[in-house]
Amino acid sequence: MQCLYSHSAAPTSSISVMVYTPEHPAYSSVLESSIQNLRFNSSTTRGPRYIITPLSESGVKSTVICARRHKLQIRVRSGGHDYEGLSYISFKPFVLIDLVHLRKVHVNVKDKTAWVEAGANLGEVYYGIANKSNVLAFSAGVCPTIGVGGHISGGGQGTLMRKYGLAADNVLDARIVTAKGKILDRKSMGENLFWAIRGGGGASFGVILSWKIKLVDVPPVVTVFTARRTLEQGATKLVHKWQKIADKFPEDLFVRLLIMRADNGQGRKTVQVLFNSLFLGTTKQLLPLMNGSFPELGLKAEECLEMSWIQSILYFAQSPKGASIDVLLNRTHPRSSFKAKSDFVKTPVPEVGLKRLWKKFFQNTTGMIILDPYGGRMSKISESETPFPHRNGTLYNIQYYISWSSPNASQANWISNVYNYMTPYVSKSPRSSYINYKDLDLGKNVSASYTNAISWGTKYFQRLAKVKATVDPQNFFRAEQSIPVFAS
Ligand SMILES: Cc1cc2nc3c(=O)[nH]c(=O)nc-3n(C[C@H](O)[C@H](O)[C@H](O)COP(=O)(O)OP(=O)(O)OC[C@H]3O[C@@H](n4cnc5c(N)ncnc54)[C@H](O)[C@@H]3O)c2cc1C
C-alpha cells in the first residue's frame, strides 16, 4: 500500500486503485465476478494475493511498478473469458489487475473511430457505436461479454471478418503500460510492439489500457438466418460443399456452421448442422446469391430475418426475441465448465472423413464444433501484417467445444478424441491453433526449452520473442504459453 501511495499520481488520500486481499469481504465476489469458465472457479484454484482494480491509467501503472518491486507476478484480466483461466490463475504468488473500472467507450462518428478502454466488453463497444449510428459497426467476436483487452490482442474473429478482417486488423492506436511502468501509445511504443499486440496476445508484453479502433460501414438493414439441416436432410453433402464455397462467397456474406447432436424428431439421434449467417444486405439480395452458389441448401425467405446490425449482434448472442439492446451492457453471461481446442483447415475434409466425424457425436456428448469461414478480406491481408498468419489459403477455423454443468462430470476427453481424429485433415507442421481459444494441452509433448519451442511454435515466434526481449527483457509479464525472451 505504501508503494501504491508513493507512486500514485492522485492526491495521497486516493490511490486510484481499489485493493482486495483474501481477508476482504468482497474478495471472492470480485474474483469470481468475471470467471467465465467454471472449471477454474473452485476452492482449489490458486487465488491472487491481491486483487487490484485500478480506477485510472495511473493506477495500472503504479500497480505494475509495485508488483515488480515486491517480486509478485501479475495477471491481467479484462473480460475474464480466457479458456484456461490464465487471466486470474497463477501458481506463483501474484497480483490480479482487473480492469473492470476502465471501460469507457468514446465513439467519434465523424472520424469513424472509437477509443475503447481495455476493460470494456464487446457489448459495451457495440452499444456505444449503435447509440451514435445505425450504419457503423466494429468487426469482432459474437459473444458480447468478451473483454476487448484479451480479445483484440489475440485477433478477434466474428461475423464481419470476411468483409473487414479481424478486430486486430482494425486497430489504429493503443495505449499500454510496460514492465518499466511507462505508459506508451503507438508512436512512443514503436511499430514492432504495436505489431506484436495485434494478434500475439497482450499478456506477454504489458497491460493494454485502451485501443483506438476503426469503425466500419454496415447497411441500415442486414439479413440473418439459421438454417437447420440434419443428416437425414443431407447435411453431410451440404457441409462438404460448404467447405469449398464459404471462403469464396462475396465478402458481404458470412455463413458459419455449428454442428452438434440432436434428435431427429422420431426419437433417434442424429447430427444437426446450423448454417448460421449474417448478410450485409436485404433478403431480396441474399436469396438469389444463395440459390445461385449454394442451391443445395434450399434457403427460403421464411428462414431469413431482416434487422439492423446491432439487432444482429443480439441474434448471434441468442438474446430473447425483442430484447432491448440494453442487454449488451450486462457483463454476465450464462456460465459452465468447458474445454475447447482449435484448428485451421486449408483443404476440404472428404465426405468419408465427415461421416466418421459424425460418429463422435453419437457418443453421449454435449460437444459442438463451430466452423468459421475465412476468405474475403481475410485473404487479402498480408501474413506479416499482424502476428495472425492464417490468411490466404485458410478455408476456415474450427473450434471444438464441450461444456458440462457439474464440476465432476468433465467431458474433456471427448474433445481430445475428436481433436486426435481430425489430425490428418487440418493444418500441419506446425498444427496451428487460435491463441484466443487458449489450450494448455498444446506443446505438452514438446520440451520446455525455448529452442525446441521455436521450431515447434508459431510462424512469428522469433519476431515476437525479439519484441519481448526489447520491451520486457526480465520476463516480468509471463504466463503459461507467453512469449519468452529470445535475443538473436
Ligand atoms: C463464451 C465465449 C465466446 C467467445 N466468442 C469468441 C468469438 O466469437 N470470436 C473470438 O475471436 N473469440 C471468442 N472467444 C474467445 C475470446 O476472444 C478470448 O477468450 C479472449 O482472450 C477473451 O478476452 P477477455 O478480455 O474477455 O479475457 P481475459 O480472460 O480477461 O484475458 C484473456 C487473455 O488476455 C490477457 N489480457 C486481458 N486483458 C489484457 C490487457 N488489458 N492487457 C494485456 N493482456 C490482457 C489475459 O491476461 C489473458 O491472457 C470467446 C470466448 C468465450 C468464453
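Worth saying up front: this structure is predicted, and the values here are computed from it rather than measured.

**Q** Before we go on, may I ask you to explain the environment of Met-307 in this structure?
**A** Structurally, Met-307 can be placed in strand β15 (residues 304-307). In this structure the C-alpha to C-alpha distance between Met-307 and Thr-282, which are 25 residues apart in sequence, comes to 9.0 Å.

**Q** Looking at this model, I keep getting lost on the nonpolar core. Mind explaining?
**A** Within soluble globular proteins, side chains that are nonpolar generally end up buried alongside one another. The biggest cluster of nonpolar side chains holds 78 residues, and the ones touching the most others in it are Trp-211 and Ile-213. Leave out the neighbours within four places in its chain, and Trp-211 touches Ala-114, Trp-115, Val-116, Val-148, Gly-149, Ile-152, Ser-153, Val-171, Asp-173, Ala-174 and Ile-197. Residues Leu-238, Tyr-400, Ile-415 and Tyr-425 belong to the second largest nonpolar core, which totals 47 residues.

**Q** Teacher, can you tell me more about the confidence of the model for the protein chain here?
**A** Predicted coordinates in regions of low pLDDT should not be interpreted in detail. Averaged over every residue, the pLDDT of the protein chain is 92; the share at 70 or more is 94%. Predicted confidence for residues 446-457 stays below pLDDT 50, and this span has 15 contacts to residues more than four positions away or in other chains.

**Q** What's the story with the sheet that holds strand β18 (residues 396-404) in this structure? I'm lost.
**A** Sheet strands pair via backbone hydrogen bonds, and the direction of the pair is either parallel or antiparallel. Strand order in the open sheet made by the seven strands is β15-β12-β14-β13-β17-β18-β16, with antiparallel pairing throughout. If you trace the sheet from one side to the other, it starts and ends with β15 and β16 (337-345), each paired once. Put simply, the sheet's adjacent strands are angled 20° from each other on average, direction ignored. As paired elements, strand β17 (residues 368-373) and β18 share six bridges and run antiparallel to each other. Residue pairing in the sheet places Asp-372 in a bridge with Asn-397 of β18. Its contacts with the sheet put helix α11 (residues 351-361) on β13 (253-263), β14 (269-279) and β17, and the angle it makes with β13 is roughly 50°.

**Q** Help me understand the packing of aromatic side chains, please; the structure alone is not making it clear to me.
**A** Two descriptors summarise a pair of aromatic rings, namely the distance from one centre to the other and the angle between the planes of the rings. Overall, the coordinates contain 18 aromatic pairs when judged by the stated rule. An aromatic cluster of at least three residues, connected via ring pairs, comprises Tyr-83, Phe-338, Phe-344, Tyr-374, Phe-388, Tyr-401, Tyr-434 and Tyr-437. The cationic tip of Arg-68 hangs over the ring face of Phe-476; the distance from NZ or CZ to the ring centre is 5.9 Å. In this arrangement the basic side chain of Arg-463 is found over the ring face of Trp-195, its NZ or CZ atom lying 3.7 Å from the centre.

Criteria and cut-off values
- Residues numbered from 1 in each chain as written.
- Predicted model: local features only at pLDDT ≥ 70, side-chain atom pairs only at ≥ 80, totals over all residues.
- Heavy atoms only, no water.
- Helix = DSSP H or I, 4+ residues; strand = E, 2+ residues; numbered from the N terminus.
- Core = buried A, V, L, I, M, F, W, Y, C linked by side-chain atoms within 4.5 Å.
- Buried < 20%, exposed > 50% of the residue type's maximum accessible area, 1.4 Å probe, protein only.
- Contact = heavy atoms within 4.5 Å.
- pLDDT = per-residue confidence, 0-100.
- Pairing = 2+ DSSP bridges.
- Axes fitted to C-alpha atoms, helices over the stretch in contact; angles between N-to-C directions.
- Phe/Tyr/Trp six-rings, centres within 6.5 Å; stacked < 30°, edge-to-face > 60°.
- Lys NZ or Arg CZ within 6 Å of the ring centre and 35° of its normal.

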